[in-house]
Amino acid sequence: MHDSFRNVNPLEKSMERYVTPLGNRWKSPEMSELFSDYRKYTTWRRLWIALAECEKALGLKITDKQIKQMRAACDKLDMEAATVEERKTRHETMAHIRVFAAQCPDAAPIIHLGATSAFVMDNGDIIIMRDALKIIQKKVVNCIAALAGFAKKWAGKPTLAFTHFQPAQLTTVGKRACLWIQDLIMDLREIECRLENLALLGVKGTTGTQASFLQLFDGDEGKVERLEKMFAEKMGFARSFDVTGQTYPRKVDSQILFALSGVAQSAHKFACDMRLLQHLGEIQEPFESEQVGSSAMPYKRNPMRAERMTGLAEYVMNMAQNPAHIAGTQWFERTLDDSANRRMSIPEAFLGTDIILDIYLNVARGLVVNEKVIEAHVADELPFMASEVILMEAVKAGGDRQELHERLRRHSIEAAKGVKERGEKNDFVERVRGDKSFAAVKERLKEIMRAENFVGLAPKQAVRYVDAKVKEALSPYGNLLGAGTSVDV
């Protein structure tokens, strides 16, 4: 131990141990609690109770007293005793069975009856991932809603579009926001699909054949089938998997983490766009009155939220590779090489996605649009964009297309040279106005040069998209709208 820690209190001593930032620096209470040991092991106990209740209902000799004792002890975890047992047995599930049995001794003979470790581990993981997906779903919905309000407000505001991060034709601030929304709606649909198709492992036994339960019910296949259905319903699921090995298919983990990766991809795209927009000075993320942008440069306003989103999103996207490898390398009915990896990759992917969405929501609700900067950038590029329109109007007024095209080409080159080499203002329009060849359109140049003439259908696209597609996507979630972030981002 470092000398500086010898005489400090236990809380401060914890600083000399590594703690993942996802469980300390950035955690949200609801997601962190969901993946806590307390939630994990109380869920196991709920599963054992549900199994005993179903077995009792189907005729096994299990008493009300036994069930009552199990229920009374459900939330009374003794982690110290469980740790001691696990050191002795080298078996996590068996350690918790013994501790639970000691707390409800009358029920000890029937706890875990017919089951294997995967019964609590896999069913428990599915339950926790379902609840975690619902938290992610809620936050995605609120990010969509925040961006939708922004998109509609700024639907008609012309701004430079970029391809290759080079100025292209104009779009609008609101239309660009619809691209971010569309990504999130795709993620929402994927989450909905994962939730809709999620199933429990159920009561399958050691290799998925249900042989132990068939033995318990003296070969009564009907009771085994009813047990499966009753158990799933009791745990809040419509079904269990029809066929499994010892575990549920590990492709489920892969599908779920790739759904989280999808959210991370969308957030990464949004965050990178925000970083570029803040560099341009056009749109900025929120900046508190006492926030410090740089320890060395007092004037700086770094896009630190967007940068944090980017880093976390890269972590989650990479994390999604873990269950893909596991799903592809499981042998026959199961191997245990999945266990250590899943203990880290699944919680961390959820915790990472959760904090990404907390940041996303904070930024989306506090976006600052600098209209004058946007207008100045448009004004710098619009003259060149307008050259084709000027050409067409001048030709319609009786001009020679080839001659006018050449004159516009020369004016463009000279104007660009002034901007790039001498730092002058773009004087393309003034050059055209002073050119007698364009006298027929001289008085109309101001109208031709209105930025709104160059955004195409962008304003209508944005409004239509929000009023139709976004409204449709959010319609089932009215009770979730307005939820905030529970952490300081």
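Just above, that's the structure.
Predicted model, so just to flag it, every value in this text is computed and none were measured.

Looking at this model, I keep getting lost on the pattern of salt bridges. Mind explaining?
Oppositely charged side chains can pair when the atoms bearing their charge come close. Applying the stated criterion to the full structure yields 39 salt bridges. Two residues, Arg 444 and Glu 393, come together in a salt bridge whose shortest N-O distance is 2.9 Å. Of this pair, Arg 444 sits in the loop between α18 (428-433) and α19 (445-448) while Glu 393 is found in helix α16 (residues 387-396), placing the two residues 51 residues apart along the sequence. Judged by its relative accessible area of 15%, Glu 393 is buried. A salt bridge links Arg 422 to Glu 424; its shortest N-O distance comes to 2.9 Å. Its relative accessible area of 46% is what places Arg 422 among the partly exposed residues.

Can you help me understand the state of the cysteines in this one?
Counted by the stated rule, this structure contains 0 disulfides. No disulfide involves Cys 104; its nearest neighbouring cysteine sulfur is the one of Cys 74, lying 9.6 Å away. The class for Cys 104 is buried, based on a relative accessible area of 0%.

Please explain the environment of Leu 200 as it appears in this structure.
Assignment of secondary structure puts Leu 200 in the loop between α8 (173-197) and α9 (211-216). Spatially, the C-alpha atoms of Leu 200 and Lys 234 are 11 Å apart, while their sequence positions differ by 34 residues. Apart from residues no more than four positions distant in its own chain, Leu 200 is found in contact with Asn 123, Ile 126, Ile 127, Phe 231, Ala 232, Met 235, Phe 237, Arg 239, Ser 240 and Phe 241.

Quick question: what am I supposed to make of the nonpolar core here?
Generally speaking, soluble globular proteins have nonpolar side chains that are buried together. Formed by 139 residues in total, the largest nonpolar core has its most connected members in Met 70, Phe 350 and Tyr 360. Ignoring any residue separated from it by four or fewer positions in sequence, one finds Met 70 in contact with Trp 48, Ile 49, Ala 52, Phe 100, Cys 104, Ala 107, Ile 110 and Ile 111.

What counts and what doesn't
- Residues numbered from 1 in each chain as written.
- Predicted model: local features only at pLDDT ≥ 70, side-chain atom pairs only at ≥ 80, totals over all residues.
- Heavy atoms only, no water.
- Salt bridge = Lys/Arg side-chain N within 4 Å of Asp/Glu carboxyl O.
- Helix = DSSP H or I, 4+ residues; strand = E, 2+ residues; numbered from the N terminus.
- Buried < 20%, exposed > 50% of the residue type's maximum accessible area, 1.4 Å probe, protein only.
- Disulfide = S-S within 2.5 Å.
- Contact = heavy atoms within 4.5 Å.
- Core = buried A, V, L, I, M, F, W, Y, C linked by side-chain atoms within 4.5 Å.

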